[in-house]
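The lines below spell out each chain.
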Amino acid sequence: MASPPAQRPVARLGRALTAAVWTGRAGPPHPRPRRLAPRVPGFLSLLPFRTIDLVVVADLVLAFILFRVVQALMRDESLYMATPLDEGEIAFIAVTSSLPLALRDRWPLTAWRLAVVLIPWGIVTRGQDLEAAFSADAVIMYLLVVYAVAVRCERHVIIGVWMISAAALWILGIQSGPNLPGVTFIGIAMVTVTVLFGYNVQARRTAAGRLAEEERRSEQALAGQAVLEERARIARELHDVVAHHMSVIAIQAEAVPLKARGDARLLEEGLGEIRALSLAAMTEMRRVLGVLRDGDGRTDTAPQPSLGRLDELAATARSAGLAVELKLGGDLLELPTAVSLSAYRIVQESLSNAMRHAPGSAVTVKISRSGDELNIHVADDGGDRAAAEAAKAGREKHTGHGLIGMRERAAMLGGSVWAGPAGKGFAVTAILPIAEEA
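Here the structure is a predicted model, which means the values were calculated and not measured.

Parameters at a glance
Residues numbered from 1 in each chain as written. Predicted model: local features only at pLDDT ≥ 70, side-chain atom pairs only at ≥ 80, totals over all residues. Heavy atoms only, no water. Helix = DSSP H or I, 4+ residues; strand = E, 2+ residues; numbered from the N terminus. Buried < 20%, exposed > 50% of the residue type's maximum accessible area, 1.4 Å probe, protein only. Pairing = 2+ DSSP bridges. Polar contact = N/O pair within 3.5 Å; in protein donor to acceptor, adjacent residues only side chain to side chain. Right-handed = clockwise from strand over helix to strand, strands pointing away. Phe/Tyr/Trp six-rings, centres within 6.5 Å; stacked < 30°, edge-to-face > 60°. Patch = residues over 30% accessible without salt bridge, like charges linked within 9 Å, V, L, I, M, F, W, Y side chains within 5 Å. Areas by Shrake-Rupley, 256 points an atom, 1.4 Å probe, with all protein chains shown as cover. Salt bridge = Lys/Arg side-chain N within 4 Å of Asp/Glu carboxyl O. Expected span 1.5 Å × (residues − 1). Core = buried A, V, L, I, M, F, W, Y, C linked by side-chain atoms within 4.5 Å. Domains from an automatic or database assignment. Contact = heavy atoms within 4.5 Å. UniProt positions renumbered as here; feature names shortened; annotations may be inferred. Axes fitted to C-alpha atoms, helices over the stretch in contact; angles between N-to-C directions. Parallel < 35°, antiparallel > 145°, perpendicular 65-115°, else oblique. Left-handed = near helix turned anticlockwise from the far one by under 90°. Nonpolar A, V, L, I, M, F, W, Y, C, P; charged D, E, K, R; others polar.

Before going further, it helps to examine the overall build of the protein chain. Along the backbone of the protein chain there are 13 helices and five strands. The proportion of buried residues among the 438 residues of the protein chain is 37%.

See the structure below:
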């Protein structure tokens, strides 16, 4: 059953005090920047640690200084006491001002609890009034310990620590009479400022850690997206390569026996062409897949096809029975790599479609450069009349990956592709913007 609203603040107060005194635990230390944790020099390589934590070193040095200073002061003061302190008591008083400081980085909450116990104990051991609680050594030690708690602990623990500290200072002020009210107020203010400053540092570190984690996740997401884009690009490349070469090989495999008609020499030449086409397909597939890095992080440096290889592409199509005519205009050799490759693949896919749907047709390939645009037009006449009707019906229904891939390539460059029936045949028109690569 839920507690009444009036009891909730009391329950939270009890939880904060209990956590500060007993149940609370400090969080892990924040990673040090390299300037605060330099590596151990080479001549000290036998040491069991690899870095030197300058914050811990500073704490230990300051703790040792406080120990020696308080020890010297107590020896001087002991000379004027009715009952002089022995060396053990002097050493204990010095420890009360130094031990919590030495422990604050590794166990901040334990160091604070120890300080809360040792400071009053040290006052009793000194046999002095409560003004000893506001001595410089006690103030320095206690503020540094409270700061460590504020930087490393949860908010309810910090609230409990502040409440106990403020209450203890208030009680000290009351017990000391009218002599220390202003000092008590200053002490509470100093503890409050220390707590707020430490908690602000913790909040900034937490925010910076979350931001770094979000950046890491964002980088992983971008890397995953890049992998998917690369796979899609490779899939398009493989489709264009396989579709074109397999179409040519299939047509050649049907045409060679008819062309040879029992002539062993012609049959051998035809099979040789099929073998050459197969090897060319395998080589180009390896070239496409070579974009992926090997185990040593290297990549295949073989160039991707470009418009400079249009003659080879046309020759391959002619060997499959197409009558290909190339009409080129403008400077096509200085195009950006992405534009030249995309144009080559669009022409390659258009010729592959002509082989599949209009075998034996006459195909005209027109490519011209006009200003900042590359214009591509590939059209076939449909072949013979009966084949043209069948091809027209088939290609009107054709929505395969070939035309989709051509449109994706053009869209990637900010261009466009139109494909459809043209007269008795079929035509593909593409416009690719030319943007100079960085």
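Once that is clear, we can look at the pairing of strand β1 (residues 323-329). Each regular strand carries side chains that alternate between the two faces of the sheet. Bridging between β1 and strand β2 (residues 362-370) involves seven bridges; their strand directions are parallel. Within β2, the residue paired with Lys327 across the bridge is Lys366.

On the secondary structure map, Ser340 appears in helix α11 (residues 337-357). Within the local environment of Ser340, its side chain forms a polar contact with the backbone nitrogen of Leu307, the two atoms lying 3.0 Å apart.

Traced from β1 through α11 to β2, the parallel crossover comes out left-handed. Between the antiparallel neighbours β2 and strand β3 (residues 373-380) lie two residues, among them Gly371 with a positive phi of about 65°.

The next thing to look at is the packing of aromatic side chains. As enumerated under the stated definition, the model contains two aromatic pairs in all. Ring geometry for Phe92 against Trp121: centres 4.9 Å apart, planes inclined by 65°, an arrangement best described as edge-to-face. In this pair, Phe92 is assigned in helix α3 (residues 87-96) and Trp121 in helix α5 (residues 108-126), connecting sequence segments 29 residues apart. Residue classification places Phe92 among the partly exposed positions, given a relative accessible area of 23%.

With that settled, the discussion passes to a nonpolar patch on the surface. The grouping of Val57, Val61, Phe64, Ile65, Val69 and Leu73 at the surface amounts to a nonpolar patch, some 520 Å² of accessible area in total. Residue placement: Val69 occurs in helix α2 (residues 54-78). Judged by relative accessible area, which is 42%, Val69 ranks as partly exposed.

If you check helix α6 (residues 136-152), its first and last C-alpha atoms are 25 Å apart, about what 17 residues at 1.5 Å a residue would give, namely 24 Å. With respect to burial, α6 is a largely interior element, twelve of its 17 residues being buried. Among the residues making up α6, those that are buried are Asp137, Ala138, Met141, Tyr142, Leu143, Val145, Val146, Ala148, Val149, Ala150, Val151 and Arg152.

Moving on, we come to the pattern of salt bridges. Inspection of the entire model under this criterion finds ten salt bridges. A salt bridge links Glu325 to Lys327; the shortest N-O distance between them is 4.0 Å. Of the residues examined, Glu325 reaches a relative accessible area of 40% and is grouped as partly exposed. Within this structure, Glu213, Glu214, Arg216 and Arg217 form a network of salt bridges that share partners.

Core analysis: the largest hydrophobic core is formed by 40 residues, its most contacted members being Val347, Leu351, Ile367, Leu374 and Ile376. By residue number, the principal contributor to this core is α11, which donates eight residues. When residues of this core are assigned to domains, at least three fall in each of domain 2 (231-288) and domain 3 (307-433). If near-sequence neighbours (up to four positions away) are discounted, Ile376 is found in contact with Ala343, Val347, Lys366, Ile367, Val428, Thr429, Ala430 and Leu432.

UniProt tags residues 51-70, 157-174 and 180-201 as "transmembrane region" (unreviewed entry). As annotated, residues 51-70 has a helix share of 85% and a strand share of 0%, and its two end C-alpha atoms lie 31 Å apart. Structurally, residues 157-174 comprises 100% helix and 0% strand, and the distance from its first C-alpha atom to its last is 26 Å.

So, on to the packing of α2 against α3. In contact at an axis separation of 8 Å, α2 and α3 are set at 140° when each is read in the N-to-C sense. Classified by the angle their axes make, α2 and α3 are oblique. Viewed along their axes, α2 and α3 form a crossing whose handedness is right-handed. Counted together, Phe67, Val70, Gln71, Met74 and Arg75 of α2 and Glu87, Ile90, Ala91, Ile93, Ala94 and Val95 of α3 form the full contact between these two elements. For the contact of α2 with α3, a count of residues per class yields eight nonpolar, one polar and two charged.

All right, on to the sheet that holds β1 then. Here we have five strands laid out as an open sheet, ordered β1-β2-β3-β5-β4, and mixed in their pairing. Either end of the sheet is taken by a strand with one partner, and the two such strands are β1 and β4 (416-422). On average, each strand axis in the sheet is inclined to that of its neighbour by 10°, with strand direction left out of account. As judged from the eight bridges shared by β2 and β3, these two strands associate in the antiparallel manner. When the sheet's bridge partners are listed, Val363 is paired in β3 with Asp380. Packing of helix α10 (residues 310-319) onto the sheet brings it into contact with β1 and β2, and relative to β1 it is tilted by some 165°.

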